[in-house]
Amino acid sequence: MSAIAGVFGHGSKLQTVDAMLKTMNRRGPDQSGVEELEDGVLLHTRLAVIAPNGGRQPMKLLWRDIHYDLVYDGELYNAKELRRELECLGHRFLDHSDTEVLLHSYAQWGAGCLERLNGIFAFAAWEEESKQLFMARDRIGVKPLFYSQRGECFLFASEIKTLLASGLVPPRVDARGVGEIMLLGPGRTPGCGVFQNVEELKPGHFATYRQGILQIQQYWRLEDRENSESMEQVREHVRELVMDAIQRQLVSDVPIGTFLSGGLDSSLISAIAAKERGGDLKTFSVDYRDNDRFFTPGKFQPNSDSYYISKMVEYLGTDHHRVVLDTEELAEALDLAVEARDLPGMADVDASLLLLCRKVRDHATVVLSGECADEIFGGYPWYRDPEVRSKAGFPWAQSTAWRSALLKKEYRAALEPESFVRSRYEQTCAKSHILPGQTAEEHRMKEMVNLNFQWFMQTLSERNDRMSMYSGLEVRVPYCDYRIAEYLYTVPWKYKDWQGREKGLLRSAMEGWLPEEVLWRKKSPYPKTHNPAYGKVVARRLEALLAQSDAPIFRMVDREALGLLLTQQHQWPWYGQLMAGPQTIAYMLQVNHWLEHYRIELV
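Predicted, not measured: the structure shown is a model, and the values here were computed from it.

A.B. asks: What am I meant to see in the side chain of Asn 464 here?
C.D. replies: For Asn 464, the location among the structural elements is in helix 18 (residues 440–469). Look past the residues within four positions of Asn 464 in its chain and what remains in contact with it is Leu 353, Ser 369, Glu 371, Val 475 and Val 477.

A.B. asks: What is the right way to read the sheet that holds strand 16 (residues 319–325) from this model?
C.D. replies: Pairing between the strands of a sheet is mediated by backbone hydrogen bonds and can be parallel or antiparallel. With parallel pairing, five strands are arranged side by side in an open sheet as 16-15-14-17-18. Of all the strands in the sheet, the pair left with one neighbour each is strand 16 and strand 18 (474–476). Neighbour-to-neighbour, the strand axes of the sheet open up by a mean angle of 30°, direction not taken into account. Across three bridges, strand 14 (residues 256–259) lies against strand 17 (residues 366–368) in parallel orientation. Within strand 17, the position partnered with Gly 257 by the bridge is Val 367.

A.B. asks: Can you help me understand the packing of helix 23 (residues 532–546) against helix 25 (residues 581–597) in this one?
C.D. replies: Relative placement of two packed helices is described by the angle separating their axes and the distance separating the axes. Contact geometry of helix 23 with helix 25 gives a least axis separation of 9 Å together with a crossing angle of 40°. As the angle between them shows, helix 23 and helix 25 are arranged oblique. Every pair of crossing elements has a handedness; the one defined by helix 23 and helix 25 is left-handed. Each of Tyr 534, Gly 535, Val 538, Ala 539, Arg 541, Leu 542 and Leu 545 in helix 23 lies in contact with helix 25, whose residues at this interface are Pro 582, Gln 583, Ile 585, Ala 586, Leu 589 and Asn 592. Looking at the contact of helix 23 with helix 25, its residues break down into nine nonpolar, three polar and one charged.

A.B. asks: Quick question: what am I supposed to make of the nonpolar core here?
C.D. replies: Judged by nonpolar contacts, the single largest core of 200 residues is most densely connected at Phe 123, Leu 562 and Trp 594. A per-element tally of this core places helix 18 first, with 11 residues. Filtering out sequence-adjacent residues up to four positions away, Trp 594 remains in contact with Val 173, Ile 181, Val 194, Phe 195, Val 338, Asp 342, Leu 343, Pro 344 and Ile 600. Grouped together as the second largest cluster of nonpolar side chains are 17 residues, Ile 4, Met 135, Leu 145 and Tyr 147 included.

A.B. asks: I would appreciate a short explanation of the state of the cysteines in the present structure.
C.D. replies: For the structure shown, the criterion picks out zero disulfides. With no disulfide partner, Cys 88 has as its closest neighbouring cysteine sulfur the one in Cys 113, 18 Å distant. The thiol of Cys 372 is not disulfide-bonded; the next cysteine sulfur, from Cys 480, is found 3.3 Å away.

A.B. asks: What exactly am I supposed to notice about the layout of surface pockets here?
C.D. replies: Once rolled over the atoms, a probe with the size of a water molecule shows which space is left empty. By volume, the largest pocket amounts to about 710 Å³. Taken together, 39 residues make up the lining of the largest pocket; nearest its centre are Pro 190, Lys 202, Pro 203, His 205 and Gln 454. If one sorts the elements of the lining of the largest pocket by residue count, helix 18 sits on top with nine residues. Residue composition of the lining of the largest pocket, grouped by class: 11 nonpolar, 16 polar and 12 charged. In this structure, the second largest pocket spans a volume of roughly 350 Å³. Together, 16 residues line the second largest pocket, and Leu 76, Tyr 77, Ala 79, Lys 80 and Val 251 are the ones closest to its centre. If you tally residues by element for the lining of the second largest pocket, the top one is helix 2 (residues 79–88), at four residues. Residue composition of the lining of the second largest pocket, by class: five nonpolar, three polar and eight charged.

Analysis parameters
- Residues numbered from 1 in each chain as written.
- Predicted model: local features only at pLDDT ≥ 70, side-chain atom pairs only at ≥ 80, totals over all residues.
- Heavy atoms only, no water.
- Helix = DSSP H or I, 4+ residues; strand = E, 2+ residues; numbered from the N terminus.
- Contact = heavy atoms within 4.5 Å.
- Pairing = 2+ DSSP bridges.
- Axes fitted to C-alpha atoms, helices over the stretch in contact; angles between N-to-C directions.
- Parallel < 35°, antiparallel > 145°, perpendicular 65-115°, else oblique.
- Left-handed = near helix turned anticlockwise from the far one by under 90°.
- Nonpolar A, V, L, I, M, F, W, Y, C, P; charged D, E, K, R; others polar.
- Core = buried A, V, L, I, M, F, W, Y, C linked by side-chain atoms within 4.5 Å.
- Buried < 20%, exposed > 50% of the residue type's maximum accessible area, 1.4 Å probe, protein only.
- Disulfide = S-S within 2.5 Å.
- 1 Å grid on protein atoms, 1.4 Å probe; cavity = no way out; pocket = protein on both sides within 12 Å on 5 of 7 lines; lining within 4 Å.
- Points joined across faces, edges and corners; volume = space filled by probe spheres on them.

Remember that the coordinates give geometry; whether it matters functionally is a separate question.
Structure (structure tokens):
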């Protein structure tokens, strides 16, 4: 894993390069490299996972009289197969890094290489003779890639902070950006970088930049296909795909572990990993001080994780590390989480993952996570609640009315909040690829999958990437294997909802891998603190903020409306299942820190 960046049309002024590199060190603490080109500069910092002594970047190649330079962030899980194929075509390799495989793949097949890659990636390749820059992002969007075009200058980077550090992209946010933060956040419109003149290359897209012209093309999306398989055939197909994805992602030349929450998704990964690695697997979980004391069962979380984690550790015999976070450190980390994401995020849900990854990095360089299974297999409550499912709008954020009430009136007038949110929802639904002749339920479920895939999953993927890479930890997500996503999109809902259970298909397909009580445990969300002290801490911080006369948040948020968060309860969470009252307050604290830390000019 790495951080990548490039500047074209500006030259390689030392001050610009140094400032950008400093922002990239956390993602790539092991190595760094700079390649000065005739038309610009490529930058790279590396977290060495495969072939630590090789794979240095920017990497150069001369193939068939064309000079290539590559910077790459990610991991290829089919590198061995590609290497064999390329060797048959005459390519010769200097080491066994996947970076070299990717570079040769691009030299051989150009944009066509993207159809052959199984992995998570964002990369840029410079072709010296044609003066063309090629950029691409993986199908699911696990690895980030932002860019900005300002006149004759073009920049790209793994993170927004690197673009801002160049001095060429001012930290400005217009009304649209305010709408992204307040009406959609922590989600955001696909491709939107929130800052003015900052965009993100969408998942499944590639771009070429040549002579000042940027062209973008989509190379992959979820497509509906006929699926006439029986339940037994579907079950077998799912088992093969899940097993293969996990096994491929266990390849590493550095210490590796898994997250283990005691839920279905992480427990399956840990079980398969423990078998593959011969019992020396390190597993990691997060908990909060006094959570057992204050936990009360609810609709979304009927039981706590600790019992199931202990059950799985005993079952698998792993070397388990339980990370316990205290209320104060969780609140303190809210600001760090903003600086890791470059945007306000999922409040303490982000902060806790950041703190967990910091502790995990002392024991492992790579971990596997169960993230994104719920989007693909239909695990969230809104997939299965007919009332929520039938409502127009993003099911995880039915909160536009009270979100807009927080805005200053001039932003409400400029944005037309209901229209702002509804148009994005409707555009996503309209772009869902659905075969004709589907039942109303099947049609809606495919819309739901696409909504989750394009929006909610991207928020979680961004959280996963930024919080982990902030400490130089690589988190892999086997359920994001594009083959699983492609196949599951074609599977009828009646199979996904097998026996009327969330992720019933996955449970049925993986029988025999887990104790029955874990395999059929009701879904439980990412663990959050239940300690009432956390709510009191963030409330005190909001009260202190309200007492300030010139806090930057009051340039976009109404002071009186913000104060009502201390006393009012709302029917719908701010975002998803986890961002209720205290998390909404924490989100506003993050918004203020974001405006302050990045010295944002509202335009």
